[in-house]
Amino acid sequence: MKNYAEQNEIMYHVGLSREMLQGAEYALLPGDPGRVEMLAKAIGPAQFLAAHREYTSWLADVEGKKVLVCSTGMGGPSVAIGLEELARLGIKNFIRVGTTGSIQEHVNLGDVIINNAAVRLDGTSAHYAPVNFPAVADLKLTNALAYTAEELEIPHHVGISVSSDTFWPGQERYDSFTGYVCNALRGTLKEWQQLGALNYEMETATLFVVAQAFGLHAASICGVVAKRTESESVAPPDVYALASERFCNVVSHALHVLLREE
């Protein structure tokens, strides 16, 4: 039995109620609270809703329907908490909109990656499904993003992400405080590259597994701001701006198509 919130009930973490969402069934989920306003205004007329902990939210109007934009912070636990509460408020479709580091030579800075699945290198998703349960995206949402990127002629790639709970050892980075990576994780970057995975990030596996466990729909699109085949460093602001512009364009156009078809 689904546990939906009452109309005026405020969810503890996200600080939102069903009434505030005005019937929204789509949510865009950037990690960074600072990206919410920009993304909301990119998809349509928008207004601020709430800011509590890592969850900053704005409500946009797209094709006469409301779309929530709500940050999740970094990592799987905060994504799962956000999904739990937003699902209770009636959100059925979730699209992660984030940044990522590519691990394949042909994926360049500023490109867009649309993940259709994820390696579950997180811990949160195991609290929702066994570790041998796949982390896969919703086909309709993923196809909408991919078709839109193709139509807009935006450099993009569709494939598998490696979702890690850590920024340094889980992604086999050696530029951390100690430079130490435990034995179990050494050599894993090369392994994921050999298997054809496209990128590292920290939220997609949790998003896909939790959404599937709830009977909801999820997709993920990220802009490439680090190219691990060349450097462990994050790219300069101009690359970040280019990646942001591209994923905003793709998401905005895809949402208009999806909502027009409903």
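Residues numbered from 1 in each chain as written. Predicted model: local features only at pLDDT ≥ 70, side-chain atom pairs only at ≥ 80, totals over all residues. Heavy atoms only, no water.

1. Side note on the pairing of strand β1 (residues 26-29)
Phase 1 of the analysis: Here β1 shows a buried face lined by Tyr26 and Leu28 and a second buried face lined by Ala27 and Leu29.
Phase 2 of the analysis: In this structure, β1 lies alongside strand β4 (residues 65-70), joined through three bridges in parallel fashion. Bridge pairing in β4 links alanine 27 to leucine 68.
Phase 3 of the analysis: With four bridges joining them, β1 and strand β5 (residues 93-102) adopt parallel strand pairing. Residue pairing across strands places leucine 29 opposite arginine 96, the latter belonging to β5. (Buried < 20%, exposed > 50% of the residue type's maximum accessible area, 1.4 Å probe, protein only. Helix = DSSP H or I, 4+ residues; strand = E, 2+ residues; numbered from the N terminus. Pairing = 2+ DSSP bridges.)

2. Quick notes on the packing of helix α3 (residues 76-88) against helix α6 (residues 204-214)
Phase 1 of the analysis: Direction vectors running N to C along α3 and α6 enclose 30 degrees, while the axes themselves pass 9 Å from each other. The angle between the axes of α3 and α6 places the two elements in the roughly parallel class. Note that α3 runs across α6; the crossing there is right-handed. Between α3, through Gly76, Val79, Ala80, Leu83, Glu84 and Ala87, and α6, the contact on the second element is made entirely by Thr206, Leu207, Val210, Ala211 and Phe214.
Phase 2 of the analysis: Partitioned by chemical class, the residues of the contact of α3 with α6 number eight nonpolar, two polar and one charged. (Axes fitted to C-alpha atoms, helices over the stretch in contact; angles between N-to-C directions. Parallel < 35°, antiparallel > 145°, perpendicular 65-115°, else oblique. Left-handed = near helix turned anticlockwise from the far one by under 90°. Contact = heavy atoms within 4.5 Å. Nonpolar A, V, L, I, M, F, W, Y, C, P; charged D, E, K, R; others polar.)

3. Quick look at the packing of aromatic side chains
Phase 1 of the analysis: Under the definition given, this model contains three aromatic pairs.
Phase 2 of the analysis: Relative to tryptophan 58, the ring of phenylalanine 48 has its centre 6.1 Å away and its plane inclined at 75 degrees; by these criteria the two rings are edge-to-face. Placement of the pair is phenylalanine 48 in strand β2 (residues 46-52) and tryptophan 58 in strand β3 (residues 55-62), with a sequence separation of ten residues.
Phase 3 of the analysis: Seen from their ring centres, tyrosine 128 and phenylalanine 214 are 5.9 Å apart, and the 75 degrees between their planes marks the pair as edge-to-face. Of the two residues, tyrosine 128 is situated in the loop between β6 (112-121) and β7 (135-136) and phenylalanine 214 in helix α6; the sequence distance between them amounts to 86 residues.
Phase 4 of the analysis: Over the face of the ring belonging to phenylalanine 167 we find arginine 173, whose NZ or CZ atom lies 4.1 Å from the ring centre. (Phe/Tyr/Trp six-rings, centres within 6.5 Å; stacked < 30°, edge-to-face > 60°. Lys NZ or Arg CZ within 6 Å of the ring centre and 35° of its normal.)

By themselves, these are just geometric observations and shouldn't be taken as functional.
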